[in-house]
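Structural description and commentary
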Amino acid sequence: MRCCTNKRELLCRSIWVISLWLCASVASAGGIVINKAEARLTEEGYQLSADFHIQLSPPVENALKHGVTLNFVSELAINRSRWYWLDTDVAREEQIAKLSFNALTQQYRITRGSLFQSFTELKDALRILGHQVAQPVPLALLDKKGGGYFRVC
């Protein structure tokens, strides 16, 4: 196996790796901030809802307008902590939403499973995308497992 024998080649490879890492970090999403998260007791059980503020960076927004579909994954995990062993999962749910742009119709599209919505403005699509509601967690499940704590990922 060939190795970097001279210092110049090693320096060039190091600079290449660092620049690749910097370019990847610049292309990441601008930011997602939790505005509000709440758990409500309903007839079916506890229901968690959250509102996020989603801000896309210019490179990500440009990639979206050039046909790259953005995937948003939100997870709900309810864990039971135990002092004598590892934590156990009481309930776990994952929601996947996809945001895409159709250049022909000049519309943004949010897809959740087989359902979709179309928007003319990106800010409207991000506002709707930022509102998440999880399926209710049955009270019997929490009582049987001995409770838990909510963690929004």
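You'll find the structure just up there.
Quick summary incoming for the structure in this document. Bear in mind that the values here come from a model prediction, so they are computed numbers and not experimental data. Positions within a chain are numbered from 1, following the residues in the order the chain's sequence is written. Reporting of local features is limited, given that this is a predicted model, to residues whose pLDDT is at least 70; pairs of side-chain atoms are given and counted only at 80 or more, and all residues count toward the totals for whole chains, interfaces and linings. With hydrogens and water stripped out, all remaining heavy atoms of the structure feed into the side-chain values.

Description of unusual backbone geometry
Definition in use: Numbering of helices and strands starts at the N terminus; helices are DSSP runs of H or I of at least 4 residues and strands are runs of E of at least 2. Only protein chains enter the accessibility calculation, which uses a 1.4 Å probe; a residue is then buried when its area is under 20% of its type maximum, exposed when over 50%, and partly exposed in between.
A positive phi is found at glutamine 106, a non-glycine position, where the angle reads about 55 degrees. Locating glutamine 106 in the fold gives a position in the loop between strand S4 (88-102) and strand S5 (107-112). By relative accessible area, which is 48% here, glutamine 106 ends up partly exposed.

Section: the packing of aromatic side chains
How we decide: Paired rings are identified among Phe, Tyr and Trp, the last through its six-membered ring, by centres lying within 6.5 Å, and are further divided according to the angle between planes into stacked (under 30 degrees), edge-to-face (over 60) and tilted (the rest). Our definition puts a charge over a ring when NZ of Lys or CZ of Arg is within 6 Å of the ring centre and also within 35 degrees of the ring normal.
Under the criterion given, the structure shown has one aromatic pair. Their ring planes at 45 degrees and their centres at 4.7 Å tell us that phenylalanine 101 and tyrosine 108 sit as a pair that is tilted. By relative accessible area, tyrosine 108 is classed as buried at 6%. Of note, arginine 109 hangs over the ring of phenylalanine 116, and the distance from its end group to the ring centre comes to 3.7 Å.

Structural notes on the pairing of strand S2 (residues 46-55)
Look at any regular strand and the pattern is simple: side chains alternate between the two faces of the sheet. So the rule is basically this: Whether two strands pair depends on DSSP finding at least two bridges between them.
Judged from the ten bridges that link them, strand S1 (residues 31-41) and S2 form a sheet pairing that is antiparallel. Residue isoleucine 32 lies in a different strand from S2, and its bridge partner there is isoleucine 54. Taken together, S1 and the strand that follows it, S2, pair antiparallel across an intervening segment of four residues, in which glycine 45 is found at a positive phi of about 145 degrees. With three bridges connecting them, S2 and strand S7 (residues 131-133) associate as antiparallel partners. Directly across from alanine 50, in S7, lies its bridge partner glutamine 132.

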